[in-house]
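Spelled out from the first residue to the last, the chains are:
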Amino acid sequence: MDIDAWQKLARSDPAAAQREFQRRCERLSPSQQRAVWAFIDQDPFGKGDRLHDAPLTGVPFAIKDLFYFAGAPTRAGSSFLSRTSRQECNLIVSLRQLGAVPVGTTHLHEFAYGLTGGNPHYGNVQHPHHLSLTSGGSSSGSAAVVAADIVPFALGTDTGGSLRVPAAYCGIFSWRDTPHHPWIQDAFPLAPSFDTAGWLTKSPQDLRRLHHLLINASVFSTGTPHGAYLSAQSLDVELPGNFEAVLAETTNRIAPTIAPAPSTFAAVLKDSAQPYSVLQSTEAFAVHQHHLDRRKAEFGEAVWQRIDRGRRWRADELTRAKVHHLKVKAAFNVFFRDFDYLVMPVAPTPALAHDDSNQANRDALLALTTPGSLAGLPIVTVPVPLGDGLSLGLQYIFPDRQCPAIDWLLRRCETSLPSNS
């Protein structure tokens, strides 16, 4: 059910909407319900303060458990954090003002520091259509409830790919906003210079509707924007089989006149993963330093190691990382003098098995996602179906969150791509 269908049902019969939501939740196995949901409101549609004439009246949405949701403990995917706030995060408040109905919070990769649906405390979030595979992360629970058609959209965050990767793996769309926006500043942080808020939807229509309502985008493209495609190979990432050709074909279907990205631009973006990891982990250590050693046994080992390295970088390593960061931002500024958007792959492969989510595959993902993270730019993820429920993804990177090319892209997806229903 899309936004329109949920709105029609909830307006006409809130009790029926509640029953439908519960029925859809039960599509998940009991173990996956525990792995996916951190908290579920037992009667979200029965609240007396619903806005009957608002644009999203009665539309249910889920919340990644980094955003403070009144009455629910915020754990950030951890075993020991538990913060309950009476004041909700700005993004939830904005959606409530539009009439949307928060139904609960979803689990994530511990402290949002990972690109899989793995969590040692609550269980691994599985790909809804391939239970042996990961959903991707860190916005794993949010991606799962959208891909399983439990809710039409869900909130997530993206620091180094945490919306883009699960969207690509689960075959859904995502919007990644920009760092330092009020929507992310009052959520539990991972690395504040790179953290962004966003959301996931099954369809481009719903993503476009949320973009207009929440971003207040009022500038529409009257022509065809000028875009460029950056291949994985140009960043020294090898895609198996014919995946590069499949991604290029989908890109050309959306924009037949797209140009190749300049080689000088690609050269700057190469090898972004290591500088990004230096800067990200340094900030993550600053967030967690007061309990990192004291509560070491309560962390998952991999996440503890990622945070711990943040205090161990040498001064010259930090300097090189900061210089690379500035070079990437400058390169995008030059790029956007000639182009309206950049498109590039999100992931080198479809969803992996949990046991295959190793450091080598993480490095390949970060090689593709970290240029956009270092640039601090808004990004739309477009799924690329491969058949049998598997998918790749394309990330469309824009110069600003109200760029007219965003609306153009989503309209093109509505007409040129197969329906994701």
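**What to know about the overall build of the protein**
- Secondary structure summary: the protein contains 15 helices and 15 strands in total.
- Taken against the 2.2 N^0.38 rule, which gives 22 Å for 421 residues, the C-alpha radius of gyration of the protein at 20 Å falls within 12% of a compact globule.
- Counting every position in the protein, which comprises 421 residues, the buried fraction comes to 61%.
- Across the protein, the centroid of the 38 positively charged side chains sits 3 Å from that of the 39 negatively charged ones.

**Some words on the packing of aromatic side chains**
- Taken as a whole and assessed by the stated rule, the structure comprises 19 aromatic pairs.
- Relative to Y396, the ring of Y341 has its centre 5.7 Å away and its plane inclined at 40°; by these criteria the two rings are tilted. Of this pair, Y341 sits in strand β13 (residues 341-345) while Y396 is found in strand β15 (residues 390-397), placing the two residues 55 residues apart along the sequence.
- Cluster of aromatic residues (ring-pair linked, three or more members): F265, F332, F335, F336 and F339.
- Over the ring of W304 we find K296; its NZ or CZ atom is 4.2 Å from the centre of that ring.

**Some points on the pattern of salt bridges**
- Under the definition given, this model contains 20 salt bridges.
- Its salt-bridge partner being E20, residue R23 comes within 2.5 Å of it at the nearest N-O pair. Taken together, the residues span about one helical turn, with R23 and E20 both in helix α2 (residues 14-25) at a distance of 3 residues.
- Taking the relative accessible area as the measure of exposure, R23 reaches 42% and is therefore partly exposed.
- The partner of R312 in a salt bridge is D308, with the nearest N and O atoms 2.7 Å apart.
- Residue class for R312 comes out exposed when judged on its relative accessible area of 53%.
- The class for D308 is buried, based on a relative accessible area of 5%.
- Salt bridges linked by common partners bring E20, R23, R24 and D149 together as one network.

**As for the sheet that holds strand β11 (residues 227-229)**
- Taken in spatial order, the 11 strands line up as β1-β5-β2-β8-β10-β9-β14-β15-β13-β11-β12 in an open sheet, and their pairing is mixed. At either end of the open sheet lies a strand with only one pairing partner, and these are β1 (37-40) and β12 (259-260).
- Sheet analysis places strand β2 (residues 60-64) next to strand β8 (residues 153-158), joined by 3 bridges and oriented parallel. Residue pairing for β8: F61 is matched across the bridge by F153.
- The strands that helix α5 (residues 140-147) touches are β1, β2, β5 (101-106), β8 and β10 (196-201); relative to β8, the one it contacts most, it runs at about 150°.

**Concerning the packing of helix α8 (residues 204-214) against helix α15 (residues 404-416)**
- Interhelical geometry of α8 versus α15 gives an angle of 160° and a closest axis separation of 9 Å. By the angle between their directions, the pair α8 and α15 is classed as roughly antiparallel. The two elements α8 and α15 cross, and the hand of that crossing is left-handed. Contacts between α8 and α15 involve P204, Q205, L207, R208, H211 and H212 on the former and, on the latter, I406, D407, L410, R411, C413 and E414.
- Here the contact of α8 with α15 is built from residues that sort into 5 nonpolar, 3 polar and 4 charged.

**Description of α15**
- Compared with the 18 Å implied by 1.5 Å per residue over 13 residues, the 18 Å span of α15 between its first and last C-alpha is a close match.
- For α15, the full list of buried residues reads A405, I406, D407, W408, L409, L410, C413 and S416.
- Those residues of α15 hidden inside the fold are in contact with β9 (173-176), α8, α9 (243-254), β13, β14 (379-387) and β15.

**Things to note about unusual backbone geometry**
- Of note, the bond from G137 into S138 is cis; its omega dihedral lies within 30 degrees of zero at 10°.
- Phi is positive for D149, close to 65°, though the residue is something other than glycine.
- Structurally, D149 is set in the loop between α5 and β8.
- With a relative accessible area of 16%, D149 lands in the buried category.

**What to know about the packing of helix α1 (residues 3-12) against α2**
- Contact geometry of α1 with α2 gives a least axis separation of 5 Å together with a crossing angle of 130°. The angle between the axes of α1 and α2 places the two elements in the oblique class. Residues W6, L9, A10 and S12 of α1 form the contact with α2, whose own contacting residues are P14, A16, A17, E20, F21 and R24.

**Quick word on the environment of H325**
- Residue placement: H325 occurs in helix α13 (residues 315-338).
- The residues contacting H325, other than those within four sequence positions of it, are F194, L279 and L374.

**Regarding the side chain of D158**
- For D158, the location among the structural elements is in strand β8.
- Polar contacts involving the side chain of D158 include one to the side chain of R164, which spans 2.9 Å.
- In this view, D158 contacts L163, R164, R176, F194, D195, T196 and S373; residues no more than four positions away in its chain are not counted.

**Quick word on α8**
- Looking only at α8, the buried set comprises P204, D206, L207, L210, H211 and L214. Taken down its axis, α8 places every buried residue within 160° of arc, on the same side.
- Positive backbone phi, approximately 60°, marks N216, located one or two places after α8.

**Here we look at the nonpolar core**
- Membership of the largest hydrophobic core comes to 102 residues, with the highest contact counts inside it found for L155, W199 and F332.
- Within the second largest apolar cluster, 28 residues are counted, among which are L28, F45, V103 and L200.

Parameters and conventions
Residues numbered from 1 in each chain as written. Predicted model: local features only at pLDDT ≥ 70, side-chain atom pairs only at ≥ 80, totals over all residues. Heavy atoms only, no water. Helix = DSSP H or I, 4+ residues; strand = E, 2+ residues; numbered from the N terminus. Rg over C-alpha atoms; globule rule 2.2 N^0.38 Å. Buried < 20%, exposed > 50% of the residue type's maximum accessible area, 1.4 Å probe, protein only. Lys, Arg positive; Asp, Glu negative; His and termini not counted. Charge placed at Lys NZ, Arg CZ, Asp CG, Glu CD. Phe/Tyr/Trp six-rings, centres within 6.5 Å; stacked < 30°, edge-to-face > 60°. Lys NZ or Arg CZ within 6 Å of the ring centre and 35° of its normal. Salt bridge = Lys/Arg side-chain N within 4 Å of Asp/Glu carboxyl O. Pairing = 2+ DSSP bridges. Contact = heavy atoms within 4.5 Å. Axes fitted to C-alpha atoms, helices over the stretch in contact; angles between N-to-C directions. Parallel < 35°, antiparallel > 145°, perpendicular 65-115°, else oblique. Left-handed = near helix turned anticlockwise from the far one by under 90°. Nonpolar A, V, L, I, M, F, W, Y, C, P; charged D, E, K, R; others polar. Expected span 1.5 Å × (residues − 1). Polar contact = N/O pair within 3.5 Å; in protein donor to acceptor, adjacent residues only side chain to side chain. Arc of directions from axis to C-beta. Core = buried A, V, L, I, M, F, W, Y, C linked by side-chain atoms within 4.5 Å.

In short, shape yes, function no, at least from these values alone.
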